[in-house]
Amino acid sequence: MENHQRACLLIHGFSGGSFEVDPLAAYLREQGWICHVPTLPGHGENLKGLKNIKYHQWMEAVKKEAIKMTELYSKFDLVGFSMGGVLAAYISNHFSVKKLVLLNAAVIYVSPGRFMKLTYKQMRNKDWSRFKKINGVPLSATWQFIQLAHRLRAEFRKVHTPTLIVQGQQDHIVHPYSASYLNRIIPAEKSIVYFPLSTHEICLGEEADEVFETVGGFLT
């Protein structure tokens, strides 16, 4: 067993991929971490692969990754983005996780008014990227995501790993209230940081460098 002092598992979000957290992983590698960024079942370039996926397959996939991390490094840090934050809370309660980072963790979803405001802005700017992504996600997969979030929501109340809660205040998917909710229910030692200009893809936005420094500082 290689008991490396700086190993980190990063878990991406629903209908996304490793690209959502790759920039953070790159930053951590520069700071000396060994980072593992798996792709969840059904994800990748073609989201049609999500059609036949059940939510327990995502749970099993991250569990297998956590087993590998434990075998290689004994203990490891853990970062979860969006749906990955829900899975990360689950993993932190079953493995020897040193520190936990929740990035825009999918707990409370955005209000219809907030969502429509962003939609109008993107339509006005002729930005169709999000609509193409939505059209590519099978409805059955969205239902599996909802079931996963519902089943694992109670895991946050069991977290005793030191935790950093990070939330973009312009998030159009996860309501910023999620962060304060998590700060209230997680029993572990924790801290919370808001980024006023960041939307959902917090590792890809204009405040990304500040996010990385905040995460790195916490993990260090």
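Scroll up for the structure.
Residues numbered from 1 in each chain as written. Predicted model: local features only at pLDDT ≥ 70, side-chain atom pairs only at ≥ 80, totals over all residues. Heavy atoms only, no water.

1. Remarks on the overall build of the protein chain
Phase 1 of the analysis: Along the backbone of the protein chain there are 8 helices and 6 strands.
Phase 2 of the analysis: Traced from its N-terminal end to its C-terminal end, the protein chain shows the element sequence β-α-β-α-β-α-β-α-α-α-β-α-β-α.
Phase 3 of the analysis: Expressed as a percentage of the 220 residues in the protein chain, the buried residues total 50%.
Phase 4 of the analysis: With an accessible surface of roughly 10600 Å², the protein chain has 54% of that area assigned to carbon and sulfur atoms. (Helix = DSSP H or I, 4+ residues; strand = E, 2+ residues; numbered from the N terminus. Buried < 20%, exposed > 50% of the residue type's maximum accessible area, 1.4 Å probe, protein only. Areas by Shrake-Rupley, 256 points an atom, 1.4 Å probe, with all protein chains shown as cover.)

2. A look at helix α7 (residues 177-185)
Phase 1 of the analysis: Taken together, the buried positions of α7 are Ser178, Ala179, Tyr181, Leu182 and Ile185. Burial along α7 is one-sided: seen end-on, the buried residues are contained in an arc of 160°.
Phase 2 of the analysis: On the buried face of α7, the contacting elements are β4 (97-103), β5 (163-168) and β6 (190-195). (Arc of directions from axis to C-beta. Contact = heavy atoms within 4.5 Å.)

3. Examining the pattern of salt bridges
Phase 1 of the analysis: Following the criterion strictly, the structure yields 2 salt bridges and no others.
Phase 2 of the analysis: Of the charged contacts in the structure, one is a salt bridge between Glu65 and Lys68, with a shortest N-O distance of 3.7 Å. Within this pair, Glu65 and its partner Lys68 are both found in helix α2 (residues 55-73), separated by 3 residues, close to a single helical turn.
Phase 3 of the analysis: Residue classification places Lys68 among the partly exposed positions, given a relative accessible area of 43%.
Phase 4 of the analysis: Among the salt bridges present, the one from Glu155 reaches Lys158, with a minimum N-O distance of 3.9 Å.
Phase 5 of the analysis: Overall, Glu155 belongs to the buried group, its relative accessible area being 9%. (Salt bridge = Lys/Arg side-chain N within 4 Å of Asp/Glu carboxyl O.)

4. Here's the deal with unusual backbone geometry
Keep in mind that most residues, glycine aside, have a negative phi and that most peptide bonds are trans.
Phase 1 of the analysis: Non-glycine residue Ser15 carries a positive phi angle of around 65°.
Phase 2 of the analysis: Inspection of the secondary structure assignment puts Ser15 in the loop between β1 (7-11) and α1 (22-30).
Phase 3 of the analysis: Classification of Ser15 by relative accessible area gives buried; the value is 10%.
Phase 4 of the analysis: For Ser74, which is not glycine, the phi torsion reads 70° and is therefore positive.
Phase 5 of the analysis: Turning to its location among the elements, Ser74 is positioned in the loop between α2 and β3 (76-81).

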